[in-house]
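Given next are the chains, with one letter for each unit.
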Amino acid sequence: DTAVSQTPKYLVTQMGNDKSIKCEQNLGHDTMYWYKQDSKKFLKIMFSYNNKELIINETVPNRFSPKSPDKAHLNLHINSLELGDSAVYFCASSHLSPLAEQFFGPGTRLTVL
Amino acid sequence: DQQVKQNSPSLSVQEGRISILNCDYTNSMFDYFLWYKKYPAEGPTFLISISSIKDKNEDGRFTVFLNKSAKHLSLHIVPSQPGDSAVYFCAASAGNAGKSTFGDGTTLTVKP
């Protein structure tokens, strides 16, 4: 059984389009995250939700809007896609604790043409 | 401002020898540190962690050392195996659970 799943795995789209990436975890965790890994391989946190409430919102353009319908899901919607949005996006989940390991999804490779 | 740095982008080691991956941080508020391993086309997976009240944590072939005064941690893998070839990320958090700052990774290649 997949612990953290993301769909789609690959996403190729044109500039200006709106797209969504979905994430689901079946680990019973209360906290979920979105990370962006750019071409330089930096893994940078974008958002974090705890029990459906936003607890971390890094400096991310407001074209990016996360939505957590329940504790097991955290979706990422991106409006007006730009070339610089091309990256691999990882979803993760954990218990809310400093030493709690995060479980990552397989990533979604977004390519904006 | 990159608060967590892994200054070696890559490391190559012979099978059976020790691999030492290094990580430096600048934020003295960090008090929890984790290492993750990442294979191509997969998400990172947790490897080992350490809290700032310790200076060493060991789990099988993996040991993490923390030097708080130097703001430095290292991951030792001994003996190294070809299956250890992956990208290794260190991550740090400052007690406010929910946010980990990642380094930019070190690619380890273990040669048979």
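What counts as what
- Residues numbered from 1 in each chain as written.
- Chains lettered and ligands numbered in written order.
- Predicted model: local features only at pLDDT ≥ 70, side-chain atom pairs only at ≥ 80, totals over all residues.
- Heavy atoms only, no water.
- Helix = DSSP H or I, 4+ residues; strand = E, 2+ residues; numbered from the N terminus.
- Pairing = 2+ DSSP bridges.
- Axes fitted to C-alpha atoms, helices over the stretch in contact; angles between N-to-C directions.
- Salt bridge = Lys/Arg side-chain N within 4 Å of Asp/Glu carboxyl O.
- Buried < 20%, exposed > 50% of the residue type's maximum accessible area, 1.4 Å probe, protein only.

Student: Before we go on, may I ask you to explain unusual backbone geometry in this structure?
Tutor: Comment: phi is negative for the bulk of residues other than glycine, and the bulk of peptide bonds are trans. In the segment running from Thr-7 of chain A into Pro-8 of chain A, the intervening peptide bond is cis, with an omega of -5 degrees. Assignment of secondary structure puts Pro-8 of chain A in the loop between strand 1 (4-7) and strand 2 (10-13). The step from Val-78 of chain B to Pro-79 of chain B runs through a cis peptide bond, and the omega angle for that step is -10 degrees. Positionally, Pro-79 of chain B belongs in the loop between strand 8 (72-77) and strand 9 (86-93). For Ser-80 of chain A, which is not a glycine, the phi torsion comes out positive at approximately 45 degrees.

Student: How should I be thinking about the sheet that holds strand 7 (residues 64-70) of chain A in this particular structure?
Tutor: Adjacent strands of a sheet pair through backbone hydrogen bonds, lying either parallel or antiparallel. Residue and element names in this part refer to chain A. Spatially, 4 strands are ordered 1-3-8-7 in an open sheet, and the strand pairing comes out antiparallel. Each having just a single partner strand, strand 1 and strand 7 make up the two edges of the open sheet. Looking at each pair of strands side by side, their axes are set apart by 20 degrees on average, direction ignored. Direction of pairing for strand 3 (residues 19-25) relative to strand 8 (residues 73-78): antiparallel, over a ladder of 4 bridges. Its bridge partner lying in strand 8, Glu-24 is registered against His-73.

Student: I would appreciate a short explanation of the pattern of salt bridges in the present structure.
Tutor: When the charged atoms of two side chains with opposite charge come close together, those side chains can pair. Residue and element names in this part refer to chain A. One pass over the structure, following the stated rule, counts 4 salt bridges over all chains. Between Arg-63 and Glu-82 there is a salt bridge, with its nearest N and O atoms 3.5 Å apart. On the criterion of sequence distance, the pair formed by Arg-63 in the loop between strand 6 (53-57) and strand 7 and Glu-82 in the loop between strand 8 and strand 9 (87-94) is long-range, its members being 19 residues apart. Here Arg-63 makes a salt bridge to Asp-85, at a shortest N to O gap of 2.8 Å. Separated by 22 residues along the polypeptide, Arg-63 in the loop between strand 6 and strand 7 and Asp-85 in the loop between strand 8 and strand 9 bring together distant segments of the chain. In terms of burial, Arg-63 and Asp-85 fall into one category: buried. In the salt-bridge network here, residues are joined through shared partners; they are Arg-63, Glu-82 and Asp-85.

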